[in-house]
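Listed below are the residues making up each chain.
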Amino acid sequence: MTTVVPPRSTGKNRITEQQRVAHEGLVADLRERVPGRPMPGHFYTDPSVFDADLDLIFGRQWFFATTEAEVAEAGDYVTIDVGTRSIIVIRSDDEVVRAFHNVCRHRGARVLTEPAGFVGNLVCSYHSWTYGTDGALRHAPNLPEGEDPACLGLRKVSIRVIAGLVFLCLAAEPPADIDDFAERLTPYLAPHNLAGAKVASQVDIIESGNWKLVMENNRECYHCDGHPELSASFFPTYGLATQDVPASLRAAHDQFLLAEADLAVRCDELGLPKEVQEDLVEPNVAYRFGREALDGAGESFSLSGRVLVTKSLADLGETRLGRLTIHSQPNIWVHVMSDHAVVFTALPLSPDRTLVRTTWLVNADAVEGTHYQLDDLTYVWTETNTQDSVFVARTHAGVTDPAYLPGPYTAAEYQVDNFLSWYVDRMLEGCGESTGQGEGASEATA
Amino acid sequence: MTTVVPPRSTGKNRITEQQRVAHEGLVADLRERVPGRPMPGHFYTDPSVFDADLDLIFGRQWFFATTEAEVAEAGDYVTIDVGTRSIIVIRSDDEVVRAFHNVCRHRGARVLTEPAGFVGNLVCSYHSWTYGTDGALRHAPNLPEGEDPACLGLRKVSIRVIAGLVFLCLAAEPPADIDDFAERLTPYLAPHNLAGAKVASQVDIIESGNWKLVMENNRECYHCDGHPELSASFFPTYGLATQDVPASLRAAHDQFLLAEADLAVRCDELGLPKEVQEDLVEPNVAYRFGREALDGAGESFSLSGRVLVTKSLADLGETRLGRLTIHSQPNIWVHVMSDHAVVFTALPLSPDRTLVRTTWLVNADAVEGTHYQLDDLTYVWTETNTQDSVFVARTHAGVTDPAYLPGPYTAAEYQVDNFLSWYVDRMLEGCGESTGQGEGASEATA
Amino acid sequence: MTTVVPPRSTGKNRITEQQRVAHEGLVADLRERVPGRPMPGHFYTDPSVFDADLDLIFGRQWFFATTEAEVAEAGDYVTIDVGTRSIIVIRSDDEVVRAFHNVCRHRGARVLTEPAGFVGNLVCSYHSWTYGTDGALRHAPNLPEGEDPACLGLRKVSIRVIAGLVFLCLAAEPPADIDDFAERLTPYLAPHNLAGAKVASQVDIIESGNWKLVMENNRECYHCDGHPELSASFFPTYGLATQDVPASLRAAHDQFLLAEADLAVRCDELGLPKEVQEDLVEPNVAYRFGREALDGAGESFSLSGRVLVTKSLADLGETRLGRLTIHSQPNIWVHVMSDHAVVFTALPLSPDRTLVRTTWLVNADAVEGTHYQLDDLTYVWTETNTQDSVFVARTHAGVTDPAYLPGPYTAAEYQVDNFLSWYVDRMLEGCGESTGQGEGASEATA
C-alpha cells in the first residue's frame with residue numbers, strides 16, 4: 001500500500017528550491033496524518049492547502065473532464081473549470097478530441113465563454129484573434145513583425161480518451177501509468193459502447209464542502225441509511241468484507257453473495273469480465289473497478305431494480321448485468337448498467353465549494369418518452385446526490401471547527417482511508433518528498 | 001485599573017514558543033494603544049486580529065451563551081456559533097445544563113444543525129453515531145477493535161449557570177474569578193427568578209461591524225440623541241459623573257438624582273441590593289451591575305415608563321424597581337425590570353459581522369395577549385437596536401479607512417475606554433505578556 | 001519614454017526601511033515586466049498588488065474625482081470611494097471646492113453616508129460632532145479638557161480644479177506636474193465651459209475586472225469591431241499611424257484624414273487648439289488630449305454623427321468640432337463635443353471589481369425633452385460601456401488562469417503599452433526605486 005520513492009531531481013515537473021521552501025510546512029503536516037483517520041481540519045479548509053491541491057493533485061495527476069458523448073461531432077466543445085483554470089475540450093476538424101487552455105494568447109481573454117457548444121473556429125470576441133479547432137492561430141490582425149503565429153497557438157493540455165471517458169493532465173510530463181489503467185479498464189468498459197452514447201441529462205450541483213470530502217463521501221456506504229431510494233437496488237454491505245458484516249446486515253449480505261454468484265455465471269457466459277481490480281494507493285492513476293450485483297431485479301438503479309431504458313446501451317444479449325462500477329482518483333466515479341451509465345465528477349471551485357456533475361448516458365438511438373422517462377431515469381441519483389450534499393456540508397462545517405479531531409474509520413470505510421493515503425503520497429511526491437504512509441514513511445523519516 | 005502580572009509559565013493554557021513568535025507583532029501593536037482613545041483601525045478589521053480575538057478572548061474568557069429559560073426541560077438544546085465553532089448547550093436527562101462541541105467524533109460532521117430544539121439522544125445524521133445527553137458515545141456501528149467508546153464522547157465545554165444566565169469557557173483552565181462574579185451578582189439577580197422565566201421573543205440581527213464596536217456602542221449613552229424611543233425612559237446622563245454633566249443636561253440630571261434617591265428607599269424597604277458594583281478592567285470576568293432608576297413611571301422600557309407585562313417576573317411586591325443593569329465582558333448586557341428582562345449578547349461572525357441576539361424574558365405564566373402585547377414589549381429595544389446597528393456599520397466603515405485616527409473619548413464614554421483597557425490586557429495575557437495600560441505598563445516595559 | 005531617477009531620500013513621501021522590505025518582491029516583479037506586453041497575471045488579481053496599487057498609485061498620484069458641475073452650489077457635496085477610503089468633495093460656504101476624508105475625528109464613523117447631497121454643516125450622526133463646510137470642528141459636546149478643537153477638524157485632501165474637472169491627491173507632497181498639465185489642458189477645455197454645465201445623467205456600473213484592465217480597454221480601438229454603435233461616429237483606425245493601417249481599413253483611414261484636415265481648418269478659424277499633446281509615460285500626471293474628427297456629420301456620438309443636444313455647451317459659433325478627447329492616468333478619459341461632454345472614471349473597488357462612472361454634461365440651461373432626449377444622449381456610450389464590461393470580465397477571468405501568458409500588443413495598442421510603462425515606473429518610484437522600462441531601466445539595473 002505504501003512505497004518510498006527518491007525525490008525527483010530531473011524532468012520537467014521538478015521542484016524549484018523556492019517551491020521546496022514554500023512546501024515545507026505542508027510536508028510536515030502531511031507526514032503527521034494518522035492512517036485510519038481523516039485529515040486534520042485545515043486540509044479541508046485552508047486556502048493554501050486548496051491551492052496546493054490544485055497545483056499538486058489537479059496540476060499533476062490525470063483527472064476526468066468529460067464524456068466523449070459530449071463532443072460527438074467535429075466542432076463540439078465543452079469548457080471545464082478547475083480552480084481558476086478553464087480548459088476547452090473540442091473535437092477538431094480531423095475528428096480528434098483535443099484540449100486547450102481557454103486563454104487567448106493576445107491579452108488573456110477567455111476565448112469560449114459557454115459551458116458547451118459548437119464552433120467552426122475558436123474566435124476570441126475581444127480582438128478577433130482566431131484559432132483553428134487544432135488550436136493553431138489562424139488570424140490576428142496587425143500582428144507585430146517578428147511575432148511568429150506558430151508560437152501563438154492555444155496552449156495544449158494532455159488528453160487521453162479511454163472507452164468514452166476523457167481524461168486530462170496539466171503536467172508537463174503526465175504520469176505514464178494511465179497506460180496501465182487504460183489497458184485494464186478497456187475490456188470492462190468498451191463493451192458498453194459509451195463512446196457512441198448520448199447524454200440524456202446532465203446536472204451540476206455545487207456542494208458546500210471541500211472536494212476531498214465529496215470524494216470521501218462517495219467511497220463508502222457506511223452512511224447508506226441516509227439513502228433510502230438508493231438502498232432499493234444498492235446492497236448495504238458495500239465495502240465490508242464478509243467477516244466484518246455485522247449481525248444486523250448478515251441476511252442482506254447473504255442475499256448479496258447469492259446475487260454475486262448468479263452475476264458471475266452470467267458474465268462468464270457473455271464473456272464480460274467481472275472481478276474487481278483495485279489499486280487505490282500506489283499508482284498515480286489509482287483505480288477500483290469491477291462488476292457488482294444490484295439488488296431486486298438486479299438490472300439498474302430503479303426502485304424495483306429493473307431497467308430504466310428499454311433500449312440497451314449496447315447489444316450484450318442480457319439486461320441483468322448489475323453495475324460496472326468504476327472509480328478513479330482524484331475525481332471520477334461511474335456506474336454502467338446494461339441500460340444506461342451514470343458518470344459523476346467532482347471539480348474543486350474553492351476550499352469550501354465543489355462542483356459535482358452527474359451525467360446520464362443512454363443509447364444514442366434511445367428516445368425520451370419512448371425508451372425512457374427522464375424523471376424516472378434520474379430519480380434515484382438526484383435524490384442521493386441531494387442527500388450526499390447535505391452530509392458533505394455538515395462535515396465541512398464540522399471540520400472547520402477548532403474542536404474537530406479526526407476519528408476512526410470503520411472497516412466499511414477502507415476506500416476512504418485509501419483515498420487519503422493516495423492523496424498524502426501524491427502531495428508528498430509533488431513536493432519532491434519521499435512517500436509512504438506506514439512503515440515506509442517511518443523508515444523514510446527515521 | 002491596571003496591573004502587572006508575570007508571563008504565564010505553567011498550566012494548560014501556557015504559550016508555546018511558536019505562538020509567542022506569531023504574537024510578536026500583535027503585542028507590539030497592543031502596547032501602542034493610547035488609553036482614552038479607540039483602538040487603531042486594524043484592530044477592528046484585520047482578519048488576523050479577529051482570529052486572535054477568537055483565540056485569546058473568546059477562547060480563554062468566560063462568555064455568555066444563552067439563558068437557562070431556553071433549555072428549561074431535559075432534552076432542550078440550543079446551538080451557539082462563535083467564529084467557526086458551534087457549541088451545544090443542552091439540559092441533560094439528569095437536569096444538568098451541559099455544553100459540548102457540536103462536532104461528531106467520527107468524521108467531524110455537525111451533530112445538531114438547528115439553532116434550538118429538543119432531542120432524546122444526540123444522533124449524527126451522517127453515520128448514525130449516537131451520543132447521550134451527557135455527551136457519552138452510546139452507539140457507533142462497527143467501531144474498530146481497540147477504539148474505546150469512552151474516549152469518543154462529545155468534547156466538553158466548561159459551563160457556569162448564574163441565576164439563569166449560562167456562561168461558557170473554552171479554555172482548558174477557565175478563569176477562576178467567575179466565582180467572585182457569581183457571588184456578587186447572585187443577590188441582585190436571583191430575586192427576579194430568570195431561571196423560571198420563559199422566552200417571549202428572541203431576535204437575531206447581524207450588524208455590519210466588528211464585535212468590539214458593538215460592545216463599545218452599548219457602553220455609553222453619549223449617542224442617545226440617536227435613540228428617541230429609548231430616551232423616554234432612559235436618563236440621558238448615563239455614564240456622566242455629576243461634575244461632568246453639561247449645562248444642557250443639568251435639569252435632566254437633577255431629575256435622575258431624585259429618581260435614584262426614591263429608588264434607593266424602595267430597594268432598602270424590599271431588601272433588594274441597589275448600589276453599582278463595577279470592575280471593568282482588572283478581572284477576567286469584568287463587570288458592572290446595579291440597580292438604576294428609569295425615567296417617567298420608572299417601571300420599564302415603555303414610552304410612558306410603565307410596565308409592559310402585567311404579570312411580574314417574580315413577586316417582589318413592587319413594580320417600580322427601575323432596571324437592574326448587568327454588563328459583563330466580553331459579550332453580555334442585560335436589563336431586568338420588575339415585569340421583564342431583556343438580554344443582549346454579541347457573537348463575532350467575521351471581522352466585520354457580529355450577531356446581536358436580543359432575548360425578552362417574562363414570567364413563565366404570563367400569557368401573550370393577556371398579560372402583554374408582544375409588539376409593545378419589544379418596541380423600544382427593536383427600534384434602538386436598529387439605530388445602533390446603523391451607528392456600528394458607519395463606524396466600521398470609517399475605521400477601515402486609512403485616514404482614520406482614534407479620537408478622544410469624552411467623560412460619558414469611560415466604560416468604553418475601560419472595555420478596551422480590559423481587552424488589551426486580556427490579549428497581552430493571552431500572548432503570555434505582562435499587562436497594564438498606564439503607569440503599570442510603563443513600568444513593565446521600562 | 002523612460003527615465004532614471006534617484007531613489008527619493010527626503011520629503012514627506014519618503015519610504016521607510018520597513019516599507020522597502022515589504023516592497024522587495026513587488027519591485028522584482030515590476031522589473032520583470034516585458035515592454036510591449038500586458039502585465040503578468042498576478043498584477044491584476046493578487047490582493048497584495050491591489051493594496052500596493054491603492055497605496056502607490058491612488059495614494060500618491062493625482063486622480064480624477066468628480067466634475068465641478070456636481071458641486072455647483074455652496075453646500076453641495078459628493079462622496080468618492082477609493083478602495084476602503086471615502087472622500088468628501090464639497091463646495092464650502094466661501095464657494096471654494098474642498099476635499100476631506102469622510103471619517104469623524106471622534107470614533108471614526110462615516111460623517112456623510114450618501115453619494116451626493118447638500119448640507120449646511122457636516123454633522124456626524126453618531127455623537128453629533130459637527131464640522132463646518134471648511135472642515136473645522138464647530139461643536140463636540142463635552143470635549144475633554146486639553147483637547148484642542150482646532151486639531152480635530154476633518155482631515156484635508158489635496159484638490160485641484162482644472163476647467164471643471166476635479167482632481168484629488170492623497171499624498172503629503174502631491175506631484176507638482178499637475179501645474180504643467182493644467183496649463184496645457186486649460187486652453188483646450190476652458191472654451192467648453194464645463195464648470196458651468198449641468199449633469200444630464202450619471203450611470204455607475206461595476207465591472208468584474210481589475211481597474212488596470214478597465215484602463216487598458218479604453219486605450220485602444222483594436223477591439224472596436226465589438227462596438228457597432230460607437231463605430232458609427234468613431235473612426236476605426238484610432239491609435240494607428242498611417243503606415244500601420246491595414247489594407248482593409250485604408251479607405252476608412254483616408255476618410256479620417258480628410259475629416260481631420262477639415263476640422264483643422266475650422267479650429268484655426270475659431271482659434272481652438274487642436275493638435276494632440278501626449279506624454280503617457282514620463283510625467284506623474286501623464287496625459288493625452290487633442291481635438292479629433294468624428295465620422296458622419298462629425299458633431300457628436302450619435303448614429304448619424306449629428307448633435308444630440310440642440311443647445312451647445314458654450315457658444316463657439318460652430319457645432320462640427322469633433323471631439324476634444326482627454327485622457328489622464330490613472331483614471332479618467334473624457335470626450336467633449338460642441339453639444340455635450342461625457343466623462344468616464346474608473347475607481348478600484350477590489351482586485352476584481354471596478355466602479356466605472358459615466359457622466360453626461362450639457363449646458364446648464366438645456367432642458368430635457370426640449371433640447372435633448374435623455375435616451376438618445378446616453379445611447380451610444382451605454383451600449384459601448386456594456387460591451388466593454390464584457391471584454392473586461394472575460395479578460396480578468398483569463399488572466400487569473402495559471403495558463404495565461406502575456407501576448408504581444410499590436411501597433412494600435414501603443415497607448416495601452418504606455419499606460420503600463422507609466423504604471424510600472426510610478427510603482428517603482430513609490431517603492432523608492434529607480435525607474436525606466438527599456439534602456440533606462442537596463443542602465444539603472446546594470
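Residues numbered from 1 in each chain as written. Chains lettered and ligands numbered in written order. Predicted model: local features only at pLDDT ≥ 70, side-chain atom pairs only at ≥ 80, totals over all residues.

S.K.: So what exactly am I meant to see when it comes to the overall build of chain A here?
M.R.: When helices and strands are counted, chain A shows 10 helices and 17 strands. Its C-alpha atoms give chain A a radius of gyration of 23 Å, within 12% of the compact-globule value 22 Å for 446 residues. Counting only C-alpha atoms, chain A reaches 75 × 60 × 35 Å along its principal axes. The proportion of buried residues among the 446 residues of chain A is 50%. Taking the intrachain contacts of chain A between residues at least 6 apart in sequence as the baseline, contacts between residues at least 24 apart amount to 67%. (Helix = DSSP H or I, 4+ residues; strand = E, 2+ residues; numbered from the N terminus. Rg over C-alpha atoms; globule rule 2.2 N^0.38 Å. Buried ≥ 20, exposed ≤ 12 C-beta atoms within 10 Å, placed from the backbone. Contact = placed C-beta atoms within 7 Å.)

S.K.: Could you clarify how one ought to interpret the relation of the copies chain C and chain B in this entry?
M.R.: The second copy of the chain is related to the first by a rotation about an axis and a shift along the axis. Once chain C has been moved 0.0 Å along the axis and rotated by 120°, it coincides with chain B to within an RMSD of 0.0 Å. The relationship between the two copies is best expressed as a three-fold rotation axis. Among all C-alpha atoms of chain C, that of Pro47(C) lies closest to the rotation axis, at 8.0 Å. (Least-squares fit on C-alpha atoms with pLDDT ≥ 70 in both.)

S.K.: Is there a simple way to think about the pairing of strand β13 (residues 287–292) of chain A in this case?
M.R.: As a general feature of sheets, a regular strand has side chains that alternate between the two faces. Residue and element names in this part refer to chain A. As judged from the three bridges shared by strand β12 (residues 277–279) and β13, these two strands associate in the antiparallel manner. Its bridge partner lying in β13, glutamine 277 is registered against phenylalanine 289. Two elements, β13 and strand β14 (residues 323–328), share six bridges in a ladder whose sense is antiparallel. Paired with phenylalanine 289 across the strands is isoleucine 326, a residue of β14. (Pairing = 2+ DSSP bridges.)

S.K.: Even after reading the chapter, I still don't get the domain arrangement of chain A, so can you show me in this structure?
M.R.: For interface size, the figure often reported is the accessible area lost on association. All names here are of chain A. On domain assignment, one finds that chain A holds domain 1 (46–164 + 168–174) and domain 2 (196–399). Here domain 1 and domain 2 have C-alpha centroids that lie 30 Å from each other. Taken residue by residue, the interface counts 18 residues in domain 1 and 17 residues in domain 2. Within the residue set of the side of domain 1 that touches domain 2, elements represented by two or more residues are α4 (47–57), β1 (63–67) and β2 (76–82). Among the residues forming the side of domain 1 that touches domain 2, the class breakdown is 10 nonpolar, four polar and four charged. (Domains from an automatic or database assignment. Nonpolar A, V, L, I, M, F, W, Y, C, P; charged D, E, K, R; others polar.)

S.K.: I would appreciate a short explanation of the interface of chain A and chain B in the present structure.
M.R.: At the junction of the two partners, chain A supplies 24 residues and chain B supplies 24 residues. Per-class residue counts for the side of chain A that touches chain B are 13 nonpolar, seven polar and four charged.

S.K.: What exactly am I supposed to notice about the confidence of the model for chain A here?
M.R.: Keep in mind that low pLDDT regions are not for reading the predicted coordinates in detail. Overall, the predicted model of chain A reaches an average pLDDT of 93, with 93% of residues at or above 70. Confidence estimates for the predicted assembly give a pTM of 0.92 and an ipTM of 0.91. (pLDDT = per-residue confidence, 0-100.)

S.K.: Looking at this structure, how should I read the sheet that holds strand β3 (residues 85–91) of chain C?
M.R.: Pairing between the strands of a sheet comes from backbone hydrogen bonds, and it takes one of two forms, parallel or antiparallel. All names here are of chain C. Strands sit in the order β4-β3-β2-β5 across an open sheet of four strands; the sheet is antiparallel. Since the sheet does not close on itself, it has two edges, and those belong to β4 (97–101) and β5 (116–118), each with one partner. Taking the axes of each pair of neighbouring strands and ignoring which way they run, one obtains an average angle of 25° across the sheet. In this sheet, β4 lies alongside β3 in antiparallel orientation, the contact comprising five bridges. (Axes fitted to C-alpha atoms, helices over the stretch in contact; angles between N-to-C directions.)

S.K.: Just checking my understanding: could you explain the environment of Ala232(C) for this structure?
M.R.: Positionally, Ala232(C) belongs in the loop between α6 (211–218) and α7 (250–270). Not counting residues within four places of it along the chain, the set of residues in contact with Ala232(C) comprises Asp295(C), Gly296(C), Leu303(C) and Gly305(C).

S.K.: I tried to follow the sheet that holds strand β9 (residues 158–162) of chain C on my own but got confused; where do I start?
M.R.: All names here are of chain C. Strands sit in the order β1-β10-β9 across an open sheet of three strands; the sheet is antiparallel. Of all the strands in the sheet, the pair left with one neighbour each is β1 (63–67) and β9. Across the sheet, the mean angle from the axis of one strand to that of its neighbour is 30°, orientation sign disregarded. As paired elements, β1 and strand β10 (residues 165–169) share four bridges and run antiparallel to each other.

S.K.: Looking at this model, I keep getting lost on the packing of α4(A) against helix α9 (residues 414–430) of chain A. Mind explaining?
M.R.: Two measures define how a pair of helices packs: the angle their axes make with one another and the distance between the axes. All names here are of chain A. Between α4 and α9, the least distance of the axes is 9 Å, while the angle of their chain directions is 80°. If you check the angle between α4 and α9, you find them roughly perpendicular. Every residue of α9 that contacts α4 at Ala52, Leu56 and Ile57 is listed here: Arg426, Met427 and Gly430. Looking at the contact of α4 with α9, its residues break down into four nonpolar, one polar and one charged. (Parallel < 35°, antiparallel > 145°, perpendicular 65-115°, else oblique.)

S.K.: Just to check I follow, could you spell out the pairing of strand β15 (residues 332–336) of chain B for this structure?
M.R.: Residue and element names in this part refer to chain B. Judged by how many residues are buried, β15 sits mostly within the fold: five of five residues are covered. Along β15, one buried face is formed by Ile332, Val334 and Val336 and the opposite face, lined by Trp333 and His335, is buried too. When strand β14 (residues 323–328) meets β15, the two strands line up antiparallel, connected through five bridges. Pairing of histidine 327 across the sheet is with tryptophan 333, part of β15. Hairpin connection of β14 to β15: three residues between the antiparallel strands. Sheet topology places β15 next to strand β16 (residues 341–350); five bridges connect them, and they run antiparallel. Counterpart to tryptophan 333 in the pairing with β16 is phenylalanine 344. Between β15 and β16, which pair antiparallel one after the other, the connecting turn spans four residues.

S.K.: Would you take a moment to explain the nonpolar core for this structure?
M.R.: Core analysis: the largest hydrophobic core is formed by 369 residues, its most contacted members being Val89(A), Phe167(A), Leu168(A), Val89(B), Phe167(B), Val89(C) and Phe167(C). The residues contacting Val89(C), other than those within four sequence positions of it, are Ala65(C), Thr66(C), Val71(C), Tyr77(C), Val78(C), Ile80(C), Val97(C), Ala99(C) and Val166(C). (Core = buried A, V, L, I, M, F, W, Y, C linked by C-beta atoms within 7 Å.)

S.K.: Which parts of the structure should I look at to understand unusual backbone geometry?
M.R.: Residue Pro330(A) follows Gln329(A) across a cis peptide bond; omega there is 15°. Mapped onto the elements of the fold, Pro330(A) is located in the loop between β14 and β15 (332–336). Even without a glycine there, the phi angle at Asn193(B) is positive, about 60°. One can find Asn193(B) in the loop between α5 (178–189) and β11 (197–207). The exposure class of Asn193(B) is partly exposed, given the 19 C-beta atoms found within 10 Å. Phi is positive for Ser128(C), close to 65°, though the residue is something other than glycine.

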